[in-house]
Amino acid sequence: MKKHRQNLKETVIYKTPGSGKARVSASPNQSQKKDVFPVMVSNWKTYYKVGAVMDFIKSKLDKPIAIIEPRVFGPRCFFEVSTQAEAMSFQALSPLLYKSEKLIITAVTPKTGGTAQSSGRVLESAIQEYVNRAYNREAKFLDLSSLRTKISVTTVDFNVTATYATLWRILARSTPQVESLSFSGNNISTLTGFGLAEVTRLKDLKNFSFSNNTISEIQQLDHLKRIRVRELDLRQNPIYGLANYKTDVERKFPQLRFLDGAEVKMLRAFVLPSFITSGAAELPPQIPDFTDTEDTRRTAAQFLTMFFDKYDKDRTELRDAYTEQSFFSMSMLGGKGIQEAFRTSNRNLLRAHDTANDASLLRFGKQQILQIIGSMPTSTHHLQECTFDSYVVQSMPGAILLCINCYGRVSMNDTSYSFTRTFLLAPNRSGIAQDVWPIVILNDQLHMEDFCRLLVPKKRDDHAELANKLIRETRLLECYAVQCLESTNWNYDEALAAFKTRYATGGIPPSAFQP
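Note that the structure is a prediction, hence the values are computed from the model and not measured.

What follows concerns the nonpolar core. Residues Phe303, Phe307, Tyr322 and Phe423 are the most contacted members of the largest nonpolar core, which totals 55 residues. The contacts of Phe307, once residues within four sequence positions are left out, are Leu318, Tyr322, Arg421, Phe423, Trp437, Ile441 and Asp444.

Inspection of the entire model under this criterion finds 29 aromatic pairs. Ring centres 5.9 Å apart and planes at 35° place the aromatic pair Tyr164 and Trp168 in the tilted group. On the criterion of helical spacing, the pair formed by Tyr164 and Trp168 is a turn pair, its members being 4 residues apart in helix 6 (residues 161-174). The interplanar angle of 65° and the centroid separation of 6.2 Å between the aromatic rings of Phe303 and Trp437 together place this pair among those described as edge-to-face. Placement of the pair is Phe303 in helix 9 (residues 294-313) and Trp437 in the loop between strand 19 (415-427) and strand 20 (439-450), with a sequence separation of 134 residues. Since its relative accessible area comes to 2%, Trp437 is described here as buried. Taken together, the ring pairs in this structure connect Phe158, Tyr164, Trp168, Phe183, Phe194, Phe208 and Phe210 into an aromatic cluster. Positioned above the aromatic ring of Tyr311 is the side chain of Arg315, whose terminal nitrogen or guanidinium carbon lies 4.2 Å from the ring centre. The lysine or arginine in question, Lys469, covers the ring of Tyr492, its NZ or CZ lying 4.3 Å from the ring centre.

This brings us to the confidence of the model for the chain. Put simply, the chain has an average pLDDT of 77, and 77% of its residues get 70 or more. Segment residues 349-353: pLDDT under 50, and 4 contacts once partners within four positions in sequence are set aside and those in other chains are kept.

About the thresholds
- Residues numbered from 1 in each chain as written.
- Predicted model: local features only at pLDDT ≥ 70, side-chain atom pairs only at ≥ 80, totals over all residues.
- Heavy atoms only, no water.
- Core = buried A, V, L, I, M, F, W, Y, C linked by side-chain atoms within 4.5 Å.
- Buried < 20%, exposed > 50% of the residue type's maximum accessible area, 1.4 Å probe, protein only.
- Contact = heavy atoms within 4.5 Å.
- Phe/Tyr/Trp six-rings, centres within 6.5 Å; stacked < 30°, edge-to-face > 60°.
- Helix = DSSP H or I, 4+ residues; strand = E, 2+ residues; numbered from the N terminus.
- Lys NZ or Arg CZ within 6 Å of the ring centre and 35° of its normal.
- pLDDT = per-residue confidence, 0-100.

So this is what it looks like as structure tokens:
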């Protein structure tokens, strides 16, 4: 491979005059050539004819410029011009639309017989001189916009990682307190240079403008994750028009406060998946005053029983109970009785001091949610002591959701705690585990505190007596015993007979019984 690269350096491809083809020839000795200024055309297609493309590019110039030795290497075409000013004239055309494709034209660091090391020194010296002149110490701001047109002694290409390495080194040395950088108008398409470890030396850096560039992939923003980005401007980039652009950017940077000049609201909403908003609703029909119905109560009881059974036994089985658009957050209140492990996950917004940290504690998607609940201590939820409210709501046309608010006691490490858990559920139309989870969780909010027994209003004496009698006879959980009695209009004998029939045929899951 090394030998192949060496041979490639010793070979150039010359265009044969009067034809669209190219021929391979030995490169003239560098010492025999005058200083030239290379220009690179990226996004080159194999079917392009060199002569036709060169004529097209030249036709966009204000004045004629001679092109020397156009040659093609894979997806790039290189040619040379006589002066740095001419090279910059071509670069100013970028991006240039040719046959529905964008040509990216870049003036390459000139080859004047010096080594790459000397070119690097020229670049560092030029950027250092510019920083000394342009840095605003009062505002802690450096304007690097259109820098490729402001430095004439060499080419500044922010699509090259080495350029960033040089920049971070200079800023750490000269302006370590810099907070804001503008990279507007630099033809930037990749942000790989922000993934360098050197950028972490700039502890205060948090505000960026990348407006008027060519960033087209939302994944490029992942390179900024070493930095706690507070303000970001991506206007006049291809990604600015992508679907869910604003939501995707805000999720990548939970501490973001301003996006494209507008303030980011701290209260973050979730986007309903398409499988929720399409098709007929499978939950019981909505009622005008949002009061509970027997259908919603039954649906909620079945969900809670299965959810907490799996939560207490094997939380990995809850993976399909959540979606990739699901949220989870946790708060806690209390003294020494609360487990220390919960403190790092506490997201009590009523006592918020570090809003950026509170936003980062909002877990999103299956992986993050399973990771946080999997890290919590083993638990036993005492469902026979729980009380819950449930009701159906309509968040938008065609999207009917079920809200459950559950309060009860949970034991962890031989200590009892009170918990409140609020679920927002939707019909499972994703095609994943629909037989196990006919409804899935969009939002899961857990609150923990020192144990305090809740005074629950008593059921009718006769109903409570019948329920307790059936529980003693069958060892069913209370919610299943009540469901069985309700189905027979509180006729005990019929309820017991129905239980025995379903039990004999295996129609009652093990999770319906008391441990």
